[in-house]
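What follows is each chain in one-letter form.
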Amino acid sequence: MSFTIVTVLHDSAPELQRLLPSLREHLPSDVQLVAVDSGSGDDGPALARAAGAEVIVLDGNQGFGAASNAGVAAARHAATVLLNPDCELLDSGLSELAGRAAGCEALLVPRLIEADGALQRSAHPLPGGPMALVRAVLPTRALPQPYRARRPRPVGWAIAACLAAPTALLRRLGPFDPGAFLFYEDMDLCLRAHAAGVPTVLRPEVVVRHLGGRSTARQFGGEPFDLQARRRREVVGSRLGPRALRYDDGAQALTFGLRAAVGRERGRNMAALRALRAARRMATAAPR
């Protein structure tokens, strides 16, 4: 079965040098590859075009969501895979994932692994409930974690570095909010799908390597903690309401604070905690 892959480029030439050969090695030649360029200044679009991609060039950097939506609009097949350029296929499992997606009303995600093979925390429970506080306090291994599942299972939300679904479903969902420029588009998509009765399902038998955050790190000169904190609060608050937002704020604060207290990436977690506090102050001070 053929399917469509949509990947969004923004100065992504270094990542494409890993992704494109892996697509060529592990996928059939009739897969439709749509590369949407959102304001690149490098030769990423030329690399994609040379690899047989249909390249859509947008007018400047319109953001990840708008670019992804443009790619999905150009899909010709029943199933579409949203695939970040910083991914790398290890085998033909993506074809299996796309085949399953064509026949079900769900968002399907593979297991993601880091460059060194470690499991990536790519699948999560629904945010904004009392259990989020429990998970923040207890050691990670004390509770079942969705990303560690050995069998297919529904999850609350998942990182959409690789996500397969029926093309018609993606178009119905958006798939992304074009007004959101960057960050937490995947959580927003999964929460909107959940509200519509559409599950997000982890398929751990399919494994994709995800390097993660390379282009955004280059763009922002590091991790943009302030923007990430604001965006997460916007998504949780708008999709789940103020009570869920209070729970999620508390869980995030506990997570960052406890990690910093035990010396686990102290600088990074303290920066994330400061960003969360600033985002809450900003929201409180905003006119209603």
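Structure: see above.
Only a predicted model underlies this, so the values are computations on that prediction, with no experimental measurement involved.

Draft legend 1. Spotlight on the nonpolar core. Membership of the largest hydrophobic core comes to 37 residues, with the highest contact counts inside it found for Leu 82, Leu 107, Leu 163, Leu 170 and Met 187. If near-sequence neighbours (up to four positions away) are discounted, Leu 170 is found in contact with Val 72, Thr 80, Leu 82, Leu 107, Leu 163, Ala 165 and Pro 175. In terms of nonpolar packing, the next biggest core, distinct from the first, is built from 32 residues, Phe 3, Leu 9, Leu 20 and Leu 89 among them.

Draft legend 2. Broad picture of the packing of aromatic side chains. Tallied over the full model, the rule gives 2 aromatic pairs. Both rings, one in Phe 64 and one in Phe 176, keep their centres 5.5 Å apart while their planes meet at 50°; by these two values the pair is tilted. In this pair, Phe 64 sits in helix α3 (residues 64-73) while Phe 176 sits in the loop between α6 (167-173) and α7 (185-195), placing the two residues 112 residues apart along the sequence. Ring geometry for Trp 157 and Tyr 184: centres 6.2 Å apart, planes at 55°, overall tilted. Pair noted here: Trp 157 is in strand β9 (residues 157-158) and Tyr 184 is in the loop between α6 and α7, with a separation of 27 residues, a long-range link. Each of the two residues, Trp 157 as well as Tyr 184, counts as buried.

Draft legend 3. Representation of the layout of surface pockets in the model. There is about 260 Å³ of room inside the second largest pocket. Around the second largest pocket, the lining comprises 14 residues; the ones closest to its centre are Leu 23, Ser 29, Val 31, Leu 33 and Ala 51. Ranked by residue count, the leading element in the lining of the second largest pocket is helix α1 (residues 13-26), at 3 residues.

Draft legend 4. The arrangement of the pairing of strand β1 (residues 4-9) in detail. Burial analysis of β1 places 6 of its 6 residues in the buried class, which makes it a mostly covered element. Residue alternation in β1 divides its side chains into two sets, Thr 4, Val 6 and Val 8 and Ile 5, Thr 7 and Leu 9, and both sets are buried. Across 6 bridges, the pairing between β1 and strand β2 (residues 32-37) is parallel. Each residue of the ladder has a partner; that of Leu 9, found in β2, is Asp 37. A crossover links β1 with its parallel partner β2, the connecting element being α1, and its sense is right-handed. Bridge count for β1 against strand β4 (residues 79-83) is 3 bridges, and the pairing is parallel. If you follow Val 6 over to β4, its bridge partner there is Leu 82.

Definitions and limits used
- Each chain carries its own residue numbering, running from 1 in the written order of its sequence.
- With pLDDT at 70 or above as the cut-off, local features in this predicted model cover only qualifying residues; side-chain atom pairs require 80 or more to be listed or tallied, and sums for whole chains, interfaces and linings still use all residues.
- Note that water and hydrogens are dropped before the side-chain values are worked out from all heavy atoms of the structure.
- The definition of a nonpolar core used throughout is a set of buried Ala, Val, Leu, Ile, Met, Phe, Trp, Tyr and Cys residues joined through side-chain atoms within 4.5 Å.
- Note on exposure labels: buried denotes an accessible area under 20% of the residue type's maximum, exposed denotes more than 50%, and partly exposed covers the range between, all computed with a 1.4 Å probe on protein chains only.
- It only takes one pair of heavy atoms within 4.5 Å for two residues to be counted as in contact.
- In summary, the pairing rule links any two rings of Phe, Tyr or Trp, Trp by its six-membered ring, whose centres are within 6.5 Å, and it sorts them by plane angle into stacked for under 30 degrees, edge-to-face for over 60 and tilted for everything else.
- A helix here means a DSSP run of H or I that spans at least four residues, while a strand means a run of E at least two residues long, and both kinds are numbered starting from the N terminus.
- Cavity and pocket criteria rest on a 1 Å grid covering protein atoms alone: a 1.4 Å probe that fits but cannot get out defines a cavity, protein on both sides within 12 Å along at least 5 of 7 lines defines an open pocket, and an atom within 4 Å of a point defines a lining residue.
- Grid points are joined across faces, edges and corners, and a volume is the space filled by probe spheres set on the points.
- Paired strands, in this sense, are two strands between which DSSP finds at least two bridges.
- If you view a crossover with the strands going away from you and the path from the first strand over the helix to the second runs clockwise, you call it right-handed.

Coordinates in, geometry out; function isn't part of it.
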